[in-house]
Amino acid sequence: DIGASKPDRAFFDAVINDIGDSDRKGYLVIGDSPSSDIAGAVASGLDSCLVNSHFQEYGNCGATYTVRGLEELSRIL
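Residues numbered from 1 in each chain as written. Predicted model: local features only at pLDDT ≥ 70, side-chain atom pairs only at ≥ 80, totals over all residues. Heavy atoms only, no water.

## Concerning the side chain of Asp37
The condition is simple: Working definition: helices are DSSP H or I runs of at least four residues, strands are E runs of at least two. Numbering for both runs from the N terminus. Contacts: residue pairs with any heavy atoms within 4.5 Å of one another.
Tracing the chain through its elements places Asp37 in helix H2 (residues 34-43). Sequence-distant contacts of Asp37, defined by excluding residues within four places in its chain, comprise Lys6, Phe12, Val29, Gly31 and Asp32.

Structure, rendered in structure tokens:
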């Protein structure tokens, strides 16, 4: 519907524009895919949190934070 998909920066720009708050420091992209969620966040200048619940070895994918499960998000937020 927005004309772009992750990891394209246009996807993240459209979401931010729809929310109406352009201060990128106030956002945290939470996702489980280094190649779409995290790569898109990095390309868009957004902080990101990789949810690695399957204990995969991704190396340094560029995520600002990494957690093993959603219950760990409270320490970040």
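## Points about the nonpolar core
Heads up, the rule is: Buried Ala, Val, Leu, Ile, Met, Phe, Trp, Tyr and Cys residues form a nonpolar core when they are joined through side-chain atoms within 4.5 Å. Note on exposure labels: buried denotes an accessible area under 20% of the residue type's maximum, exposed denotes more than 50%, and partly exposed covers the range between, all computed with a 1.4 Å probe on protein chains only.
Phe12, Ile16, Tyr27, Val29, Ala41 and Leu46 form the largest nonpolar core, which has 6 residues in total. The contact partners of Tyr27, leaving out residues within four places of it in the chain, are Ile16, Ile19, Asp21, Leu46 and Asp47. Grouped together as the second largest cluster of nonpolar side chains are 5 residues, Cys49, Val51, Leu73 and Ile76 included.

## Focus: the side chain of Ser48
With respect to the helices, strands and loops of the structure, Ser48 is situated in strand S2 (residues 47-51). In this view, Ser48 contacts Leu28, Val29, Ile38, Ala41, Gly62, Ala63, Thr64 and Tyr65; residues no more than four positions away in its chain are not counted.

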